[in-house]
Amino acid sequence: AIFYNLIKLQIVHHQDYVQKARDRQEHVIQIPAARGPILDRAGRPLALSLSTQSVDVDPRKLPDLKLNASLLAGQLHMDEAELYGRIKAACDSHRGFLWVKRDITPQEVQNLRGLNLDWIHIEPESHRHYPKGTLAAHVLGGVDFEESGNAGIEKTLDAELRGEAAQARRLTDARHRGIDQQLSNEGRAGATITLTIDERLQFVAEREIAAAVEAHGAVSGSVVVMNPYDGQVLALASYPTYDPNEPPASVLDPGRANHATGVSFEPGSVFKVITLSAALETTPLGPESMINCHGGVLTLFTRTIHDSHGGMGIVPMRDVLAHSSNIGAIEIGLQVGREKMYDYVRRFGFGQKTGIPLPGEDRGRLRRLPLWGATSLASISMGQEISVTTVQLAQAASVVANGGLLVK
């Protein structure tokens, strides 16, 4: 009988029992890859991942909830009552896992290891750190508790930054304590991302837009600094801002809105550059062509439009731009015509996304020609009845600066 059972166990059903033993003793674990750093154009770090350790427990296996909570709270410098409440709630809901504290100090790690208690688990983790605080916050974005990108470049290039997790087979004893571990897949570290942002220009842009918002009593503001010849964004600042090292105060935290790319507005007089550019390209008008500004007052249908800088008579087209005449811009726009004006506004990149690699980009608003009203051409000629983003304006200004090429 013994011989028969030995043959049955060791030969006939050998593989079945080996597999059952492996299922109990071996566990495949995922070892997250180090998230790649984000650098500015000169290689200065803007986002890094630092190695850290965290503590977790299985609430169902704690011998004495109150005593254990008191012990952990003392070693981790936590509020005992609050920790006990969390452990009790997890135990009552039959949860098998609870983070006690994330990102603990080396001294706390040493204290816990010195207790030599098998129900305390210390897990290696990675902590995303932004060494410059609020600098370039809206460009960088941030990560969630699993270190997945949730905004900015961190979200857009999450796959590249995350890399590929390694896999390991861990052999454990009856109490699930590790005996041996072997890598089955080495994984791949996250890529290093180098931005076109210049840390120094970014600092100045953020400082100046904050000062301008405060000086003018505004709610928000944004700045985009772009190289007009190749489209590289050297600085992109949005105010109010936030510190990506800190969790959001609320879901609707106003500081996290990227006003440079995600919030459109009516451009006003700055848009007259587009109107005059279209005229120079599509009509016989030139800088010295005479434009009738009607003394600063013009009535179109039932709408009366005024110049805000005083009335002018007949002046050269260059003076229309120099003195920002609404009436002059309208007269120029009427000579361009609806179809050509719409075409040139589109050519300058308005009404469509620029393709900047940041999430939540707004395309602005440019209504299709069939939806234009009787005075839409007049309104758009002076920068009304259209909405744009700051990055779109920077792109359009680059077209003028570099001789007519739309940069990406």
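Up top is the structure.
Quantities reported herein were computed from a predicted structural model and do not represent experimental measurements.

**Some remarks on the overall build of the protein chain**
Link 1 in the chain: Secondary structure assignment for the protein chain yields 16 helices and 16 strands.
Link 2 in the chain: For a compact globule of 408 residues, the expected C-alpha radius of gyration is about 22 Å, and the protein chain comes in at 32 Å, more than 25% above that figure.
Link 3 in the chain: Taken over the C-alpha atoms alone, the protein chain extends approximately 115 × 50 × 40 Å along its principal axes.
Link 4 in the chain: A buried classification covers 40% of the 408 residues belonging to the protein chain.
Link 5 in the chain: Just so you have it, the protein chain exposes about 22200 Å², and 54% of that area is on carbon and sulfur atoms.
Link 6 in the chain: Distance between charge centres in the protein chain, computed from 41 positive and 46 negative side chains, equals 5 Å.

**Brief notes about helix H5 (residues 106-115)**
Link 1 in the chain: Those residues of H5 not exposed but buried are Glu 108, Val 109 and Leu 112. Taken end-on, H5 shows its buried residues confined to a sector of 105°, consistent with a single buried face. Exposed residues lying more than 90 degrees from the buried face of H5 are Pro 106, Gln 110 and Gly 114.
Link 2 in the chain: Asn 116, located one to two residues past H5, shows a positive phi value of around 55°.

**A few points about the side chain of Thr 375**
Link 1 in the chain: By the secondary structure assignment, Thr 375 is in the loop between helix H14 (338-347) and helix H15 (376-381).
Link 2 in the chain: Residue classification places Thr 375 among the buried positions, given a relative accessible area of 18%.
Link 3 in the chain: Thr 375 has contacts with Leu 300, Phe 301 and Arg 303, leaving out every residue within four places of it along the chain.

**Focus: the pattern of salt bridges**
Link 1 in the chain: Going through the model one piece at a time under the given rule, you end up with 18 salt bridges.
Link 2 in the chain: Where Asp 158 meets Arg 35, a salt bridge forms, and the shortest distance between an N and an O atom there is 2.9 Å. Separated by 123 residues along the polypeptide, Asp 158 in helix H8 (residues 158-162) and Arg 35 in the loop between strand E1 (26-31) and strand E2 (38-39) bring together distant segments of the chain.
Link 3 in the chain: The partner of Asp 198 in a salt bridge is Arg 200, with the nearest N and O atoms 3.2 Å apart.
Link 4 in the chain: With a relative accessible area of 55%, Arg 200 lands in the exposed category.
Link 5 in the chain: Within the structure, one salt-bridge network assembled from shared partners comprises Asp 40, Arg 44, Lys 132, Asp 198, Glu 199 and Arg 200.

**So, the environment of Arg 128**
Link 1 in the chain: Its location among the elements puts Arg 128 in strand E5 (residues 121-129).
Link 2 in the chain: Residue classification places Arg 128 among the buried residues on the basis of a relative accessible area of 4%.
Link 3 in the chain: Spatially, the C-alpha atoms of Arg 128 and Ser 324 are 48 Å apart, while their sequence positions differ by 196 residues.
Link 4 in the chain: In this structure, Arg 128 is in contact with Arg 35, Gly 36, Pro 37, Ile 38, Ala 47, Leu 48, Ser 49, Val 143, Glu 147, Glu 154, Leu 161 and Asn 245, ignoring residues within four places of it in sequence.
Link 5 in the chain: Of the polar contacts made by the side chain of Arg 128, one reaches the side chain of Glu 154; its length is 2.8 Å.

**Quick look at the packing of aromatic side chains**
Link 1 in the chain: As enumerated under the stated definition, the model contains three aromatic pairs in all.
Link 2 in the chain: Judged by centre distance (5.1 Å) and plane angle (85°), the ring pair of Phe 97 and Trp 99 falls under edge-to-face.
Link 3 in the chain: You can call Trp 99 partly exposed: its relative accessible area is 23%.
Link 4 in the chain: Between Tyr 342 and Trp 372, the aromatic rings sit 6.2 Å apart at their centres with planes inclined by 75°, giving edge-to-face as the arrangement.

**Considerations on the packing of helix H11 (residues 272-282) against helix H13 (residues 326-336)**
Link 1 in the chain: Contact pair H11 / H13: the axes reach a minimum separation of 9 Å and the direction vectors enclose 40°. The handedness of the crossing between H11 and H13 is left-handed. Packed against H11, whose contacting residues are Lys 272, Thr 275, Leu 276, Ala 278, Ala 279 and Thr 282, the element H13 presents Asn 326, Ala 329, Ile 332, Gly 333 and Val 336 at the interface.
Link 2 in the chain: By residue class, the composition of the contact of H11 with H13 is six nonpolar, four polar and one charged.

**Topic: the pairing of strand E3 (residues 45-57)**
Link 1 in the chain: Sheet analysis places E2 next to E3, joined by two bridges and oriented antiparallel. Across the sheet, residue Ile 38 finds its bridge partner in E3, namely Ala 47.
Link 2 in the chain: In this antiparallel pair of consecutive strands, E2 and E3, the connection spans five residues, and Gly 43 shows a positive phi of 85°.
Link 3 in the chain: Note: E3 against E5, nine bridges, orientation antiparallel. When the sheet's bridge partners are listed, Thr 52 is paired in E5 with Glu 125.

**Side note on unusual backbone geometry**
With the exception of glycine, the majority of residues adopt a negative phi angle, and the majority of peptide bonds are in the trans configuration.
Link 1 in the chain: Geometrically, the link from Tyr 239 to Pro 240 is a cis peptide bond, its omega value of 5° lying close to zero.
Link 2 in the chain: Secondary-structure assignment places Pro 240 in the loop between strand E12 (233-239) and helix H10 (259-262).
Link 3 in the chain: Although it is not a glycine, Glu 147 adopts a positive phi angle of roughly 60°.
Link 4 in the chain: Position of Glu 147 relative to the elements: it lies in the loop between strand E6 (142-143) and strand E7 (149-151).
Link 5 in the chain: The backbone of Ser 324 shows a phi angle near 50°, a positive value even though the residue is not glycine.

Thresholds applied
Residues numbered from 1 in each chain as written. Predicted model: local features only at pLDDT ≥ 70, side-chain atom pairs only at ≥ 80, totals over all residues. Heavy atoms only, no water. Helix = DSSP H or I, 4+ residues; strand = E, 2+ residues; numbered from the N terminus. Rg over C-alpha atoms; globule rule 2.2 N^0.38 Å. Buried < 20%, exposed > 50% of the residue type's maximum accessible area, 1.4 Å probe, protein only. Areas by Shrake-Rupley, 256 points an atom, 1.4 Å probe, with all protein chains shown as cover. Lys, Arg positive; Asp, Glu negative; His and termini not counted. Charge placed at Lys NZ, Arg CZ, Asp CG, Glu CD. Arc of directions from axis to C-beta. Contact = heavy atoms within 4.5 Å. Salt bridge = Lys/Arg side-chain N within 4 Å of Asp/Glu carboxyl O. Polar contact = N/O pair within 3.5 Å; in protein donor to acceptor, adjacent residues only side chain to side chain. Phe/Tyr/Trp six-rings, centres within 6.5 Å; stacked < 30°, edge-to-face > 60°. Axes fitted to C-alpha atoms, helices over the stretch in contact; angles between N-to-C directions. Left-handed = near helix turned anticlockwise from the far one by under 90°. Nonpolar A, V, L, I, M, F, W, Y, C, P; charged D, E, K, R; others polar. Pairing = 2+ DSSP bridges.

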